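Overview (structure and organization)
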Amino acid sequence: MPAVSSVNFYGRSIIPIVDGVFSYDRNQTKLINTDFYYEVSNSPTFNTDPFNPLIRLPFYLCALEKYMQYCLGLASRGSGFVAPNPMVGALVVAEGSIIGEGWHQEFGAAHAEVNALNNVKPENVHLLSEATLFVTLEPCNHFGKTPPCTEKIINSGIKKVVVGTLDPNPLVSGKGIARLKENGIEVIVGLLEKDCRDLNKFFFCFHEKKRPYITLKWAQSSDGFIAGENNTPVHFTNSYSDHLVQKMRAVHMAIFVGGRTVLSDDPKLTNRSGSGKNPLRISLDTQNDFPPNFSIFNSEAESIIFNFEKNEIRGNVEFIKIERGENTFGQIMNFLFEKKINSILVEGGSNTIDQLIKSNLWDEMKIFNTPKILSAGIIAPAPAGKEISTEKIYDNTLITRHNA
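It should be emphasised that the depicted structure is a prediction, and the values quoted were computed from it without experimental measurement.

Conventions adopted
- Residues numbered from 1 in each chain as written.
- Predicted model: local features only at pLDDT ≥ 70, side-chain atom pairs only at ≥ 80, totals over all residues.
- Heavy atoms only, no water.
- Helix = DSSP H or I, 4+ residues; strand = E, 2+ residues; numbered from the N terminus.
- Contact = heavy atoms within 4.5 Å.
- Buried < 20%, exposed > 50% of the residue type's maximum accessible area, 1.4 Å probe, protein only.
- Arc of directions from axis to C-beta.
- Pairing = 2+ DSSP bridges.
- Axes fitted to C-alpha atoms, helices over the stretch in contact; angles between N-to-C directions.
- Disulfide = S-S within 2.5 Å.

Re the environment of Pro381
- Mapping Pro381 onto the fold places it in the loop between strand S21 (378-379) and strand S22 (386-393).
- Expressed as a C-alpha distance, the spacing of Pro381 and Asn351, which sit 30 residues apart in the sequence, is 7.9 Å.
- Sequence-distant contacts of Pro381, that is, excluding residues within four places in its chain, are made with Trp218, Ile226, Ser350, Ile353, Asp354 and Ile357.

What to know about helix H3 (residues 149-156)
- Every buried residue of H3 is listed here: Cys149, Thr150, Ile153, Ile154 and Ser156. In a view along the axis of H3, the buried residues occupy a sector of 160°, so they form one face of it.
- Against the buried residues of H3 lie helix H2 (112-118), strand S9 (132-137), strand S10 (160-165) and helix H4 (175-182).
- Once H3 ends, the next one or two residues include Gly157, with phi positive near 95°.

Regarding unusual backbone geometry
- With an omega dihedral of 10°, the bond running from Ala83 to Pro84 counts as a cis peptide bond.
- Within the chain, Lys340 stands out as a residue other than glycine whose phi angle is a positive 65°.
- In this fold, Lys340 is placed in the loop between helix H9 (328-338) and strand S19 (343-346).
- Even without a glycine there, the phi angle at Ser375 is positive, about 75°.
- The topology assignment puts Ser375 in the loop between strand S20 (364-369) and S21.
- Under the relative-accessibility criterion, Ser375 is labelled exposed at 60%.

Quick look at the environment of Ala109
- Tracing the sequence through the fold places Ala109 in the loop between strand S8 (97-103) and H2.
- Taking C-alpha positions, Ala109 is 7.6 Å from Lys145, a pair spaced 36 residues apart along the chain.
- When near neighbours in sequence (up to four residues on either side) are disregarded, Ala109 contacts His104 and Thr146.

Comments concerning the sheet that holds S9
- If you walk across this open sheet you meet the 5 strands as S8-S7-S9-S10-S11, and the pairing is mixed. What marks the edges here is a single partner per strand, and that holds for S8 and strand S11 (186-189). Between one strand axis and the next, the sheet turns by 15° as a mean value, whatever way the strands run.
- Here 6 bridges tie strand S7 (residues 89-94) to S8, and the two strands are oriented antiparallel to one another.

Overview of the state of the cysteines
- Following the criterion strictly, the structure yields 0 disulfides and no others.
- Unpaired in terms of disulfides, Cys140 finds its nearest cysteine sulfur in Cys149, a separation of 3.6 Å.
- Judged by its relative accessible area of 7%, Cys140 falls in the buried class.

Let's talk about the sheet that holds strand S15 (residues 280-284)
- The 10 strands lie next to each other as S17-S18-S16-S15-S14-S19-S12-S20-S23-S22, forming an open sheet whose pairing is mixed. On the outer flanks of this sheet lie strand S17 (312-314) and S22, each paired with one strand and no other. Across the sheet, the mean angle separating the axes of adjacent strands is 20° when strand polarity is ignored.
- In this sheet, strand S16 (residues 303-307) lies alongside S15 in parallel orientation, the contact comprising 4 bridges. Across the sheet, Ile282 pairs through a bridge with Ile304, a residue of S16.
- Its contacts with the sheet place helix H7 (residues 239-251) against strand S12 (213-220), strand S14 (254-257), S19, S20, S22 and strand S23 (396-402), and it is angled at close to 165° to S20.

Quick notes on helix H10 (residues 350-358)
- Buried within H10 are the following residues: Ser350, Thr352, Ile353, Leu356 and Ile357. Seen along its axis, H10 keeps its buried residues to an arc of 165°; they face one direction.
- Following H10 by one or two positions, Asn360 has its phi on the positive side, about 60°.

Next comes the structure, spelled out in structure tokens:
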């Protein structure tokens with residue numbers, strides 16, 4: 001194995017593994033596959049072969065990853081409260097200690113970096129010139145509901161910033177990084193990038209695919225039925241799974257069910273988890289025959305009813321006309337994108353889910369397999385994509401699949 005030159009990373013001499021497994025951008029602006037690196041001893045008795053066991057001192061980017069993991073935990077506290085904005089967490093670290101932390105807590109409120117800097121105590125402000133800011137997402141550089149975070153960082157005196165991932169929003173997308181560098185701030189991008197992207201999968205899908213992130217959710221009997229004969233509703237899941245479904249509703253901006261499901265189940269479509277907001281309720285009424293006393297029209301949450309006849313606003317319900325027979329779900333998703341809805345939980349029925357699968361309009365499936373046996377009824381959708389995980393929930397099994 002040929003010797004590999006060391007690179008300077010964050011004040012340390014680091015040898016990256018480059019043999020088709022890990023790589024490192026020597027412009028020091030991006031880390032790729034940073035599972036681990038090796039710190040090089042200054043002792044002349046050590047050579048520069050990273051595969052020499054004498055110098056394989058695990059670095060793991062341990063301090064950096066530790067702080068970014070903490071930022072991810074902070075960011076997750078905004079789940080269900082900040083959409084359509086991303087969840088973001090930030091830390092200010094000086095002399096090996098956290099002196100400030102924050103996260104984006106509510107849509108329209110201060111961003112994570114601002115909260116972290118504002119939380120630095122007066123007796124620690126003098127440390128900012130030697131401190132490092134860790135943040136899960138690129139700081140913004142534009143005026144929105146709040147001023148640019150980059151200006152707060154620049155004015156704080158901080159000279160080092162570690163960013164989890166670039167912001168896909170075209171208003172930001174590299175501009176925040178450029179602004180910091182223009183002002184003499186060292187910036188490194190890409191630490192735990194996959195984790196940072198996964199945390200904000202709704203946000204990234206919205207900007208990259210120009211539509212909401214679509215989660216298909218259904219429960220089925222052990223013999224593969226989603227409902228009884230004549231579309232008779234059946235409650236399949238146990239109370240633990242039911243609570244998990246409510247949490248899914250809490251984190252999605254919208255919930256969608258087909259017209260048949262509205263007529264057969266009269267579902268509430270609200271979040272009853274005890275935390276978070278109610279999702280926007282959405283359905284498609286092809287015959288304009290939803291009874292006015294049904295739950296989808298009540299005042300517990302806002303609703304959108306797509307139909308083929310009218311545009312109308314009635315209280316908290318908006319009727320949106322779409323064209324009949326012309327890519328129905330494409331029209332719906334385009335409208336929701338323009339309305340800045342970045343995630344939608346589709347809870348049925350079987351025909352609606354099947355159409356979305358055939359149209360390749362989905363990102364994730366959540367399938368609850370239950371011990372109930374129906375013997376006859378409405379056949380459940382056929383799973384697609386790649387199975388990611390299987391989770392046992394008492395006598396239910398939750399299978400997660402991604403559109404790979």
